[in-house]
Amino acid sequence: MSMTDTRRGVIQAAAVLASAVAWPAWMPRLAFAPAQTAPRGDTLVVVFLRGAADALNLVVPHGEAAYYNRRPTLAIPRPDDRRASAAARAVDLDGFFGLHPALRPLLPVWEAGHLAPIHACGAPDESRSHFRAMELMERGVEDERGPASGWIGRHLATLNTSNPSPLRAVGLGQLPQRSLSGAVPVSALRSIVDFHLGGDARAVNQMQAALASLYAGGEPLNRLGQETLGILETLQALDPLGYVPAGGARYPESEFGLGLRQIAMLIKAEVGLEAAAIDAGGWDTHFAQGGSEGLMAALLTDLGQGLAAFHADLFAHMNRLTIVTLSEFGRRVPENASLGTDHGHGSLMLLLGGHVAGGRVHGQWPGLAAEQLVGPGDLAVTTDYRDVLAEVCLRRLNNSALGEIFPGFTPTLRGFLTA
Amino acid sequence: MPSRLSRREFLRLAGLVGTSAAAAACAPIYARLGGPAEPAVGEAPGLPPADWLALSRLTYGPRMAERARMAAIGVEAWVDEQLAPTLIDDGPAAWRLRRFETLGLPAQDLADQGDRLFDNLDTRSVPAELRQATLIRQVYSRRQLYEVIVEFWSDHFHISVDKGDCWFLKTVDDREVIRAHALGSFHDLLWASAHSPAMLVYLDNQANTAGAPNENYARELLELHTLGLAGGYTQTDVMELARALTGWTVKQRFWRGQFAFEAARHDPAAKAVLGLRLEPAGQREAERVLERLAVHPATAHHLAFKLCRRLLADEPPAEIVARAAATYLATSGDIRSVLRVILLDGLAVVPGLPMAKFKRPVNFVVSALRQLNAETDAGSALHDYLQRMGQAYFAWPTPDGYPDQAAPWAGNLMPRWQFALALARNEIDGTRIDLPAGALPPTELAGELALLLLGRRFSLAERDALLSSLNAAGAAEAELPAILAAGLLASPAFQWH
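Report follows, based on the coordinates. Since the model is a prediction, treat every value here as computed from it, not as a measurement.

**Let's talk about the overall build of chain A**
The helix and strand tally for chain A stands at 12 helices and 13 strands. For 419 residues, the compact-globule estimate of 2.2 N^0.38 gives 22 Å, and chain A sits close to it at 22 Å. Seen along its three principal axes, the alpha-carbon backbone of chain A occupies a region of about 70 × 45 × 40 Å. Contacts in chain A between residues at least 24 apart in sequence constitute 72% of all its contacts with a sequence separation of at least 6. Just so you have it, chain A exposes about 14900 Å², and 53% of that area is on carbon and sulfur atoms. Here chain A contributes 33 positively and 40 negatively charged side chains, and the mean placements of these two sets differ by 2 Å.

Spelled out as structure tokens, the structure:
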């Protein structure tokens, strides 16, 4: 097709113009070339729960008396609590921890050995600021002095997988996530259905020719434009409206569900996707958080149904897929006066995939007694989130350049996944 | 009725050169930032690059009248004129706003409008009217710098209309907090925001009560609104300030949507915030903290940095930030004085700075409309595009406001390209442009459009590459004006200002 010729022309033009171009300061640059060549590993899907999800009501420590003492109205009833309706009780996992009842759709994933929650994990940062904590976590750095790029971006930049796809990494949502920024251009993809220029074919053809000419060149924005044209070309071959999920999977009709559905479609279409980032928002539950029902339960329903559908839809691909959830920190153990919870510290991660050490809750549980809490009454962090991510990079993504992905951090491998 | 963008106007635009060259001599401020002029085809008409940069940064895209004004009086006089917005006749924008009756209503009346309807219509239509009015002001107001600064404070004191009663309280906040104090004293702005029902609802302070305080507003007041994250406060300061703010709430029944201090919900014990000991004094306790915060050096630095980042560069030079912060402290937070330093004096000390700013979606859309002299109702079709680009008004999900650096926006080009094509082909409901069809030969047309949209001539290579690729794609001469305009709007150069 003629677009291919145009793209080749674009690259030649880029080589001519590159020397004359000043790179804007905003574009993160990496000082190193890909350190290693390896076949690509799993497709990585990173779900960020924005706003600091309440880890204690996500995977409930129902074996802790202190949990119930400190959360008189918000606690999720024990799995055997006869005073509560069965639908309101925690779904027991191991006699001590249980899923929030809204996460019941994840039970088959747990039973398949494809779900590994890691409790009391998080970052060393104790600012309790959403913005600082999210930024540091997406950059994968200890404090602001680290590189400006994101950890997924550095993973992709340090591993040459001989994958020329313009869709090597996508951010689902209106803006691409900070974690993806780096040497590989990344485009935001809100909806495959909307990813076209629109209008009549003649005008679209002319517009694409104009864009190919105007975006010739080596500046970062020009490269993003060339990538966008490449994605356009790739997606034109897909049929998003005719997509039928496998395994009877039913995605929720939410932004999150729609996003996961698109990722699944890209994976099955084999367009070269190596990493996708997607957000689920609304977790900053200072006010009226609710317990088994209410605000947070609604968010968990969306999360649980979405991940369960993704798992069912991609069950045949689980050997080549790792999904990880993150949140910037957890929430305070005692509830506040507004039936909500304030900013805390220790958080929770979920690992899903065919090679996670599933069927058990990982992490050293620090306890909820007064002397076991940190700061103003928060769950302690016993596993650095980078230990989990580093193990994903090493064991599932074939990338051993951990010093560049998480600079200044020496990860401990704890067996959350198998190679 | 669309105004016609005629050949005569193109040429009048070219005629600005003579006067602007003279004006450039007394406008050194942006002169150091524009860099050398692009290699041009033939004569190089239009504003000098520095004046063009200033104008495209301090407006939502220069209209011809603004180019003429800048050329006539120079940057410094232009900035001073814009810093006194009440002296600028704004009849055309006011005329377009006259049917937006919710803009002027008090909170109780807005709430009553919602109560009168059974289908929640007004929880949508009140914010929709605010969004439409905001876009109308950005497109049509002659008080352009004021609107630019209003948008800055709308991000700084961000409130999402999607939370609780903010659907109607934000309209009051926009009028009585942001617009009332945008170019006044930061103390007054902060004071108004802290007493603003919209803010108290948005950050949960209406639920902050004695016994178990809610820290949300207290934390963001320190982190986002005043001192900044590196401003030297502690978790204890956050918790003590939250206690001082207990009882600051919003009336729910009579006088719904009014600020109220409820002494019964206020923590009566003494507190200490930032070393300031607060003896029990009810509402006055937190107000003493506001007074301290408004003149705190960390606040001065934080605001100076953010304003410099918005108006100058993603990574503004420390010297300019320091000068702006010093002016802030010397004037007890006079916003106009700080802006004057940033826009005029400050820039002169650091020559050769890379000053590119990536247009956020609102800037992109509004500059396209203004520079093509579009006639628009600023209605829902445009807001749909803004949402796809990531910047629907008053909808950012977190209290830090829309990002101000290029990186988060640059990866989302597709909806900008969609908008460019739809606008140029007149396919957007409620919006019309009028391109000069067939008036000029293709090379001249491309040149004039570049001058109109990019403020400069094309280089010969750019122009010929574009025209030959369009030629290869089979574009007929009659199709050229629209496709050239669409291409230029979508081009890398038009994404920066």
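Having seen the structure, we can now continue with the description.
**Describing the sheet that holds strand 3 (residues 59-60) of chain A**
With antiparallel pairing, the 3 strands of this open sheet are ordered in space as 3-5-4 (chain A). Taken across any chain shown, the strands that pair with only one partner, and hence form the sheet edges, are strand 3 and strand 4 (91-92) of chain A.

**A word on the interface of chain A and chain B**
In this complex, chain A contributes 51 residues to the contact, which on the side of chain B involves 60 residues. Roughly 4400 Å² is buried in total at the junction of chain A and chain B, and carbon and sulfur atoms are behind 65% of that figure. The interface formed by chain A and chain B holds 3 salt bridges in total. The partner of R332 of chain A in a salt bridge is E215 of chain B, and the shortest N-O contact between them spans 2.5 Å. There are 18 residue pairs in polar contact (both at pLDDT 80 or more) connecting chain A and chain B. If one sorts the elements of the side of chain A that touches chain B by residue count, helix 7 (residues 201-214) of chain A sits on top with 11 residues. Here the side of chain A that touches chain B is built from residues that sort into 24 nonpolar, 18 polar and 9 charged.

**Quick look at the environment of P280 of chain B**
Residue and element names in this part refer to chain B. By the element assignment, P280 lies in the loop between strand 4 (276-278) and helix 15 (283-294). Separated by 10 residues in sequence, P280 and A270 have C-alpha atoms that sit 5.2 Å apart. Beyond its immediate chain neighbours, meaning those up to four positions away, P280 contacts P268, A269, A270 and E285.

**Concerning the pattern of salt bridges**
By the definition in use, this model includes 51 salt bridges over all chains. For E274 of chain A, the salt bridge goes to R168 of chain A, with nearest N and O atoms at 2.6 Å. With a gap of 106 residues between them, E274 of chain A in the loop between helix 9 (255-268) and strand 10 (275-280) and R168 of chain A in the loop between strand 7 (159-160) and strand 8 (169-172) connect regions that are remote in the sequence. Comparing E274 of chain A with R168 of chain A, the two get one shared label, buried. Salt-bridge contacts for E147 of chain B lead to R179 of chain B; the nearest nitrogen and oxygen are separated by 3.0 Å. Note that E147 of chain B is positioned in helix 9 (residues 144-156) and R179 of chain B in helix 10 (residues 166-181), a separation of 32 residues in sequence. Using a relative accessible area of 12% as the deciding quantity, one classes R179 of chain B as buried. Connected through shared salt-bridge partners, E151, D155, R310, D314, K357, R360 and D404 of chain B make up one network.

**Topic: the packing of helix 7 of chain A against helix 24 (residues 460-472) of chain B**
One can describe the packing of helix 7 of chain A onto helix 24 of chain B by two numbers: an axis separation of 9 Å at closest approach and a directional angle of 155 degrees. Considered as vectors, helix 7 of chain A and helix 24 of chain B are oriented roughly antiparallel to each other. Of the two possible hands of crossing, helix 7 of chain A and helix 24 of chain B adopt the one that is right-handed. On the side of helix 7 of chain A, the interface is formed by Q206, A209, A210, S213 and L214 of chain A, while helix 24 of chain B contributes A465, L466, S469 and L470 of chain B.

**A word on the environment of D267 of chain B**
All names here are of chain B. Looking at the secondary structure, you find D267 in the loop between strand 2 (259-261) and strand 3 (271-273). Separated by 20 residues in sequence, D267 and G247 place their C-alpha atoms 7.8 Å apart. Once residues lying within four places of it in the same chain are set aside, the contact partners of D267 are A210, R243, T246 and E285. A polar contact of 2.8 Å, which involves the side chain of D267, links it to the side chain of R243.

**Comments concerning the sheet that holds strand 2 (residues 43-49) of chain A**
All names here are of chain A. The strand order across the open sheet formed by 8 strands is 9-8-10-2-11-12-6-13, and the pairing between neighbours is mixed. Of all strands in the sheet, those bounded by a partner on one side alone are strand 9 (187-189) and strand 13 (383-384). Contacts between helix 9 and the sheet are confined to strand 2, strand 8, strand 9, strand 10 and strand 11 (321-327), with strand 10 contributing the most and set at about 170 degrees to the helix.

**Here we look at the side chain of Q495 of chain B**
Relative to the elements of secondary structure, Q495 of chain B occurs in the segment after helix 25 (480-490). Take Q495 of chain B: its relative accessible area is 0%, and that puts it in the buried class. Looking at Q495 of chain B, its side chain comes within polar contact range of the side chain of R416 of chain B, at 3.0 Å. Those residues within four positions of Q495 of chain B in sequence are excluded, and the remaining contacts are Y215 and L221 of chain A together with K357, F358, K359, F364, R416, L489 and A490 of chain B.

**With respect to the nonpolar core**
Formed by 227 residues in total, the largest nonpolar core has its most connected members in I263, L266, L307 and F310 of chain A together with W153 and F419 of chain B. Of the residues that make up this core, three or more belong to each of domain 1 (7-82 + 358-495) and domain 2 (297-348) of chain B. Excluding its chain neighbours within four sequence positions, the residues that come into contact with F310 of chain A are V45, Y251, L260, I263, A264, I267, M318, L321 and I323 of chain A. By size, the runner-up hydrophobic cluster in this structure holds 36 residues, among which are L44, W151, L397 and L417 of chain A.

**Structural notes on helix 7 of chain A**
Spacing of three or four residues puts side chains on the same side of an α-helix, whose turn is 3.6 residues. All names here are of chain A. An ideal rise of 1.5 Å per residue puts 20 Å on 14 residues; helix 7 measures up with 20 Å between its terminal C-alpha atoms. Burial within helix 7 is extensive, with 11 of its 14 residues counted as buried. Those residues of helix 7 not exposed but buried are A203, V204, Q206, M207, Q208, A209, A210, L211, A212, S213 and L214. Capping the start of helix 7, D200 holds a side-chain oxygen 3.1 Å from the backbone nitrogen of R202, two or three residues further along.

**A closer look at the environment of G173 of chain A**
All names here are of chain A. Locating G173 in the fold gives a position in the loop between strand 8 and strand 9. C-alpha separation for the pair G173 and S187, spaced 14 residues apart in sequence, amounts to 9.8 Å. Apart from residues no more than four positions distant in its own chain, G173 is found in contact with A188, L189 and R190.

Reading the values: the criteria
Residues numbered from 1 in each chain as written. Chains lettered and ligands numbered in written order. Predicted model: local features only at pLDDT ≥ 70, side-chain atom pairs only at ≥ 80, totals over all residues. Heavy atoms only, no water. Helix = DSSP H or I, 4+ residues; strand = E, 2+ residues; numbered from the N terminus. Rg over C-alpha atoms; globule rule 2.2 N^0.38 Å. Contact = heavy atoms within 4.5 Å. Areas by Shrake-Rupley, 256 points an atom, 1.4 Å probe, with all protein chains shown as cover. Lys, Arg positive; Asp, Glu negative; His and termini not counted. Charge placed at Lys NZ, Arg CZ, Asp CG, Glu CD. Pairing = 2+ DSSP bridges. Buried area = accessible area lost by both parts, 1.4 Å probe. Salt bridge = Lys/Arg side-chain N within 4 Å of Asp/Glu carboxyl O. Polar contact = N/O pair within 3.5 Å; in protein donor to acceptor, adjacent residues only side chain to side chain. Nonpolar A, V, L, I, M, F, W, Y, C, P; charged D, E, K, R; others polar. Buried < 20%, exposed > 50% of the residue type's maximum accessible area, 1.4 Å probe, protein only. Axes fitted to C-alpha atoms, helices over the stretch in contact; angles between N-to-C directions. Parallel < 35°, antiparallel > 145°, perpendicular 65-115°, else oblique. Left-handed = near helix turned anticlockwise from the far one by under 90°. Core = buried A, V, L, I, M, F, W, Y, C linked by side-chain atoms within 4.5 Å. Domains from an automatic or database assignment. Expected span 1.5 Å × (residues − 1).

Function cannot be read off these values alone, since they describe shape.
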